[in-house]
Each structure stands twice: as structure tokens, then as C-alpha cells.
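Given next are the chains, with one letter for each unit.
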Amino acid sequence: MIAIVDYDAGNIKSVEKALQYIGEDPVVTRDTEKITQADKIIVPGVGAFEGAMGKMNHYHLVEVLQEMAMRGTPMLGICLGLQLFFERSDESQHNVPGLGLLPGEIVKFPMAEGYKIPHMGWNSIHINPKSRLLKGIPEDSYVYFVHSYYLRAERKEDVAATTEYIVDVHAAAEHDNIFATQFHPEKSGEVGLQILRNFAAI
């Protein structure tokens, strides 16, 4: 069973529909007991880092997600979900820590002439050939992004894909059972659906 974690963030319904489209039967829940029974966990989301961590704490989800990560349960963070998997974010005015599932930080895009922030739209990704999440995805495939902050992973080996937008962006990450994409697989056409299939098969 795939649990989609509901912490009042946006974009949960579209992830649920994409999983149903590929033949999965996900459960949308914030019930910690149900989450501990899941075979796989997805943390989607659109919104602000600090507010999202506030909701995570309010619903007692921080400890259960950290516990499930330690147990080795496959977990996928999408967009804001990716950002929450890391240690800290420039977006947090009060330096609220993230889940800390992987080492690294979320930083704000620098201003650059000719570029708009948020970064919104389709970009091609350069794929780490060792990635399990992106297995079978062609190099330079286009995926859909919406974000004003980007990942700077601490360990190079955790970077599953990169893209270029003002700077070199760590577009996806994975380490052992932890997977994350800054882009939205559920909005990225057949490429995105294949990424979700890959996760479901792990």
C-alpha cells in the first residue's frame, strides 16, 4: 500500500490521480498508524517550507516519517516534499529544521536578467545513470517545475538528476530508500508516469 501523506499541502489530489492511472490504489492519510503500515510513502506538496513543517509537527508526522525512513521504507518527496526531506531552507525565517532525511539545504534562486522566479515550466534533466527512480527515462527528458528555491545536496552521489535554471539545480535526489524530485512527476506526462511506476516497483 502506498500512503500519500496529507499535511494540508496543495497538489495531493493530482498525485493520487496519477497513481490511480498507473494502477495503484494509494491511501491519502495523516493517520500515523496507517502510515506505519504502508509499503511505500509519498510526501507531495506545494507551499512554504516553514508552514509545511509546522503542519508536520501539528499532525505528529515528523517522528513517524523519520522512523519509517530509518526502517528502510521507500519514501518519495515531490516538490515541497523534496525540500522537507532535507535539513534546512532559506525560506524559513525562523530557521525551522526540515525532516533531515538527507543532508543538504534549500536555497533561494539568485536574481538574473532574463529569468523569472519562481522557475515555472518544462526543463530537461540530466540523469545519473545509477538512479533507480529514473531508470529507463531518456537523457534530456522534459519535466515540469514550479519553485522559487532549489536543492543543494551535500553529497554528490545523492544527486539523481540535474537541470539548469540560472544555476545548476539538483532536480532529483536518492539515497538508499529515500527518493525525491523537485519537479512534478504527476504533471510531467508519460515521463512522469514512468517515474511513478519506477517508485511503485521499488
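Cut-offs applied
- Residues numbered from 1 in each chain as written.
- Predicted model: local features only at pLDDT ≥ 70, side-chain atom pairs only at ≥ 80, totals over all residues.
- Heavy atoms only, no water.
- Salt bridge = Lys/Arg side-chain N within 4 Å of Asp/Glu carboxyl O.
- Helix = DSSP H or I, 4+ residues; strand = E, 2+ residues; numbered from the N terminus.
- Buried < 20%, exposed > 50% of the residue type's maximum accessible area, 1.4 Å probe, protein only.
- Pairing = 2+ DSSP bridges.
- Core = buried A, V, L, I, M, F, W, Y, C linked by side-chain atoms within 4.5 Å.
- Contact = heavy atoms within 4.5 Å.
- Phe/Tyr/Trp six-rings, centres within 6.5 Å; stacked < 30°, edge-to-face > 60°.

Caption draft 1: Main features of the pattern of salt bridges. The full count for this structure, using the stated rule, is 10 salt bridges. For D8, the salt bridge is made with K55, and the minimal N-O distance between the two is 3.4 Å. Taken as a pair, D8 in the loop between β1 (2–5) and α1 (12–21) and K55 in helix α3 (residues 49–58) lie far apart in primary sequence, 47 residues in all. We classify D8 as partly exposed; its relative accessible area is 41%. By relative accessible area, K55 is classed as partly exposed at 34%. Across the salt bridge formed by E105 and R88, the nearest N and O atoms sit 2.8 Å from each other. Of this pair, E105 sits in strand β6 (residues 104–108) while R88 sits in strand β5 (residues 88–89); the two residues are 17 residues apart in sequence, bridging distant segments of the chain. With relative accessibility at 23%, the residue E105 sits in the partly exposed group. In this structure R88 comes out as partly exposed when scored by relative accessible area, which is 27%.

Caption draft 2: Local environment of the pairing of strand β3 (residues 40–43). Neither face of β3 is open: one carries K40 and I42, the other I41 and V43, and all of them are buried. Pairing of β1 with β3, which is carried by three bridges, proceeds in the parallel orientation. Bridged to I2 within β3 is K40. For β3 and strand β4 (residues 75–78), the ladder comprises three bridges, and the chain directions are parallel.

Caption draft 3: Up close: the nonpolar core. In terms of nonpolar packing, the biggest core is built from 36 residues, with Y7 and L65 touching the most fellow members. Those elements giving two or more residues to this core turn out to be β1, β3, α3, α4 (61–71), α5 (80–84), β10 (149–153) and β13 (178–181). When residues no more than four places from it in sequence are discounted, the contact partners of Y7 are I12, V43, P44, G45, A52, K55, M56, Y59, L61, L80, G81 and L84. Listed in part, the 29 residues of the second largest apolar core include I125, I137, A171 and L196.

Caption draft 4: Layout of the side chain of T181. Secondary-structure assignment places T181 in strand β13. The contacts of T181, once residues within four sequence positions are left out, are L76, G77, I78, C79, L82, L133, A171 and A172.

Caption draft 5: The packing of aromatic side chains, seen in detail. Tallied over the full model, the rule gives six aromatic pairs. Pairing F179 with F199 gives two aromatic rings, centres 6.1 Å apart and planes at 75°, and the pair type is edge-to-face. Of this pair, F179 sits in strand β13 while F199 sits in helix α6 (residues 189–201), placing them 20 residues apart in sequence. Taking the relative accessible area as the measure of exposure, F179 reaches 0% and is therefore buried. With relative accessibility at 0%, the residue F199 sits in the buried group.

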